[in-house]
Amino acid sequence: MRNLLFLTMLAGLLSTSAVAENHYRLESPDGNLSVSINIDHHITYAVYDKGEAVILPSVIAMNLGSKVLGSSPAVKNASTHEVNKSITPLYGKFSKLSEHYRELKITFKGNYAVVFRAYDQGIAYRFMTSIKDSIKVMSETAQFNLAGRPGAILPVAHNLTSWELPYTSYSSVSLVPNGDTVVLPALFSFEKLHIKVVLAESDLMNYPGMFIRVDHSNVHGFWAGYPAKTAMGSWGNFVSVVKKRAPYIAATKGTRSFPWRVAIITDDDRELLSNELIYKLASPSRLHDAAWIKPGKAAWEWWSDAMLPGADIPSGMDNRNTALYKYYVDFAAKYNLEYVLIDAGWSNIFHLSKVNPKIDIREVISYAKKKKVGVFLWCVAST
C-alpha cells in the first residue's frame with residue numbers, strides 16, 4: 001500500500017511541470033539543460049545550460065489565416081512524461097542508440113498543442129494540430145534570441161535554391177548581414193559559456209524547410225512561400241525554378257505534427273560528431289524491408305574536379321574516360337570504399353541512352369563488379 005501511494009504521488013508530480021500559473025519548466029535527464037515556457041499573450045520559451053541563459057525568451061506561433069496558434073493562448077491541460085529506451089538504427093555509426101528524454105505537452109483551446117523535449121544533448125519543440133479540415137499555414141514564428149553576441153559558422157544563401165554552399169565564419173552574429181538567408185544546420189559559439197549551439201530541424205514532412213535570418217543576436221525562422229508556378233531552368237536547365245509563390249508557406253492536413261525545431265547544445269566539439277538527436281526526433285522508418293539499402297563510402301570525381309595528381313593517365317574533367325574511371329575503381333578497391341560515383345557527363349543529361357563516346361560505361365561497371373565495387377550513375381531526377 002505504501003509503494004502504491006508513492007507511485008501515485010510520483011505520477012501526480014510527473015503529470016504537470018507547472019511551477020506557477022501558465023509557467024512551465026522542463027529539465028534534461030541529467031539536469032544540465034532546461035527550457036522555461038511562459039504562456040501569456042504569446043507562447044515564449046527560453047533555454048538554459050547549467051543555469052546560464054543560452055536562448056532568451058523567444059516567441060513561437062503559427063498563422064493559419066483564420067487564427068494564430070500561440071496568440072492569446074488558453075491552456076486546457078499540460079502533462080509530462082519521461083522516456084528511456086534503446087533505438088536500433090537501420091545503419092549508421094552505432095548499432096544501438098540510447099533515447100532518453102523528458103517531454104512536456106501543453107494542449108490549448110483551439111485544437112492545437114505544443115510539445116517540448118529535453119535531452120541531455122539538446123532541446124526541441126514542435127506544434128501539433130487536431131483540426132478536421134485541411135489548412136493553410138500562412139506563416140510561422142520561430143525565434144531563437146541568442147544570449148550575448150556568440151560567434152557563428154553559417155552557410156549563407158543569396159537565393160532560395162542554393163546548394164553546395166561555403167560556410168562563413170563570423171566572430172559575432174551582429175556581423176551577419178540582416179538580409180542574408182542561412183541554411184540549416186547553423187553553428188553558434190558561446191565563448192563565455194564554453195558551449196556550441198547548433199540550430200536545426202527534424203521530421204520535416206509535407207512542409208518547407210526552415211531557413212534562418214539574423215538581426216543582431218535575434219535569430220528567427222524564415223520560410224519560402226509555396227511554389228504557385230515553376231519552370232525548368234538554372235544550371236543545366238534541369239532545376240525546377242519557382243517563378244511565382246503563393247501567399248502561404250504550406251497547404252497540409254489539419255491533423256498532424258509539424259517539424260521539430262532543434263537546439264543541439266554541447267561543451268565538447270567532439271560530441272557534435274556523435275550527436276544523433278536529429279535521427280532520434282525523426283519518425284521511424286516506414287520501410288518493411290530495408291535489405292536492399294547498402295550504404296557506404298564512394299570515390300567521387302566531381303569533388304576533386306577529376307584531378308589525379310601523380311597518376312600515369314591524363315586527368316581533369318575534360319579527360320573523363322574509361323581509363324580514368326577504372327583508376328577510381330582501383331582506388332576504391334584499394335582503400336575499401338564501397339562505391340564509385342560517376343557524376344554528370346557520362347551521358348546526355350536528358351537522354352541517358354546517349355552515352356559519352358569517351359566512356360564505355362558498361363565496361364566500367366563490369367570492371368568494378370570484378371573488384372567488388374558498386375557504381376552509382378548520376379542522372380536528372382526532375383519532373
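Residues numbered from 1 in each chain as written. Predicted model: local features only at pLDDT ≥ 70, side-chain atom pairs only at ≥ 80, totals over all residues. Heavy atoms only, no water.

What to know about the confidence of the model for the chain
Move 1: Here the chain shows a mean pLDDT of 92. Residues at 70 or above account for 95%.
Move 2: Note that pLDDT drops below 50 for residues 1-16; the model gives that stretch 10 contacts with residues more than four away or on any other chain. (pLDDT = per-residue confidence, 0-100. Contact = heavy atoms within 4.5 Å.)

Quick look at the layout of surface pockets
Move 1: Its volume calculated, the largest pocket comes out at about 460 Å³.
Move 2: Surrounding the largest pocket, 19 residues form its lining, Tyr 279, Ala 282, Ser 283, Pro 284 and Ser 285 being those nearest its centre.
Move 3: Each residue belonging to the lining of the largest pocket can be placed in one class, and the counts come to nine nonpolar, four polar and six charged. (1 Å grid on protein atoms, 1.4 Å probe; cavity = no way out; pocket = protein on both sides within 12 Å on 5 of 7 lines; lining within 4 Å. Points joined across faces, edges and corners; volume = space filled by probe spheres on them. Nonpolar A, V, L, I, M, F, W, Y, C, P; charged D, E, K, R; others polar.)

What to know about the environment of Ser 283
Move 1: Structurally, Ser 283 can be placed in the loop between helix H3 (277-281) and strand E25 (298-300).
Move 2: The class for Ser 283 is partly exposed, based on a relative accessible area of 34%.
Move 3: Sequence spacing of Ser 283 and Leu 204 is 79 residues, and the spatial spacing of their C-alpha atoms is 9.2 Å.
Move 4: In this structure the side chain of Ser 283 is engaged in a polar contact, spanning 2.7 Å, whose partner is the side chain of Asp 203. (Helix = DSSP H or I, 4+ residues; strand = E, 2+ residues; numbered from the N terminus. Buried < 20%, exposed > 50% of the residue type's maximum accessible area, 1.4 Å probe, protein only. Polar contact = N/O pair within 3.5 Å; in protein donor to acceptor, adjacent residues only side chain to side chain.)

Here we look at empty space enclosed by the protein
Move 1: What the rule picks out here adds up to one cavity of 30 Å³ or more.
Move 2: The computed volume of the largest cavity comes to approximately 60 Å³.
Move 3: Surrounding the largest cavity, Val 35, Tyr 45, Val 47, Phe 116, Ile 123, Ala 124, Tyr 125, Phe 144, Arg 261, Val 262 and Ala 263 form its lining.

As for the packing of aromatic side chains
Move 1: Under the defined criterion, the tally for this structure stands at 13 aromatic pairs.
Move 2: Considering the side-chain rings of Phe 116 and Tyr 125, the 5.9 Å spacing of their centres and the 35 degrees angle between planes classify their relative orientation as tilted. Here Phe 116 matches Tyr 125 in class, with each residue buried.
Move 3: Between Phe 331 and Tyr 335, the ring centres sit 4.8 Å apart and the planes meet at 45 degrees, which makes this aromatic pair tilted.
Move 4: A relative accessible area of 47% places Tyr 335 in the partly exposed class.
Move 5: By the ring-pair criterion, three or more aromatic residues cluster together here, those being Tyr 45, Phe 116 and Tyr 125.
Move 6: Directly above the ring of Tyr 101 sits Arg 117, whose terminal nitrogen or CZ lies 4.1 Å from the centroid.
Move 7: Its end group placed over the ring of Phe 258, Arg 256 keeps NZ or CZ at 4.4 Å from the ring centre. (Phe/Tyr/Trp six-rings, centres within 6.5 Å; stacked < 30°, edge-to-face > 60°. Lys NZ or Arg CZ within 6 Å of the ring centre and 35° of its normal.)

Regarding the nonpolar core
Move 1: In terms of nonpolar packing, the biggest core is built from 57 residues, with Ile 37, Tyr 45 and Phe 188 touching the most fellow members.
Move 2: When residues no more than four places from it in sequence are discounted, the contact partners of Ile 37 are Asn 22, His 23, Tyr 24, Ile 43, Thr 44, Tyr 45, Leu 104, Ile 106 and Phe 116.
Move 3: Counting 18 residues, the second-largest nonpolar core is a separate cluster that includes Ala 299, Tyr 325, Val 329 and Ile 359. (Core = buried A, V, L, I, M, F, W, Y, C linked by side-chain atoms within 4.5 Å.)

Comments concerning the sheet that holds E25
Move 1: The sheet built from three strands is open, its strands ordered E25-E26-E27 with parallel pairing. Every interior strand has two partners, whereas the edge strands, E25 and strand E27 (374-377), have only one. For this sheet, the mean inter-axis angle between neighbouring strands, taken without regard to orientation, is 25 degrees.
Move 2: Packing of helix H5 (residues 361-370) onto the sheet brings it into contact with strand E26 (339-342) and E27, and relative to E27 it is tilted by some 150 degrees. (Pairing = 2+ DSSP bridges. Axes fitted to C-alpha atoms, helices over the stretch in contact; angles between N-to-C directions.)

Some words on the environment of Ser 217
Move 1: Mapped onto the secondary structure, Ser 217 falls in the loop between strand E18 (211-215) and strand E19 (218-222).
Move 2: Counting along the chain gives 69 residues from Ser 217 to Gly 148, while the straight-line C-alpha distance between them is 7.0 Å.

What to know about H5
Move 1: Within the sequence span of H5, burial applies to Ile 361, Val 364 and Ala 368. End-on view of H5: buried residues confined to an arc of 60 degrees, all on one side of the axis. Relative to its buried face, H5 has exposed residues pointing more than 90 degrees away, namely Arg 362, Lys 369 and Lys 370.
Move 2: Buried residues along H5 sit in contact with helix H4 (322-334), E26 and E27.
Move 3: Following H5 by one or two positions, Lys 372 adopts a phi angle in the positive range, close to 60 degrees. (Arc of directions from axis to C-beta.)

As for H4
Move 1: The end-to-end C-alpha distance of H4, which contains 13 residues, comes to 18 Å, matching closely the 18 Å that a straight helix rising 1.5 Å per residue would cover.
Move 2: Three or more residues of H4 are buried, namely Thr 322, Leu 324, Tyr 325, Tyr 328, Val 329 and Ala 332. Along the axis of H4, the buried residues cluster in a sector spanning 165 degrees; they form a single face.
Move 3: Where H4 is buried, its residues touch E25, E26 and H5.
Move 4: The N-capping residue of H4, defined by a side-chain oxygen 3.2 Å from the backbone nitrogen of Ala 323, is Asn 321.
Move 5: Once H4 ends, the next one or two residues include Asn 336, with phi positive near 60 degrees. (Expected span 1.5 Å × (residues − 1).)

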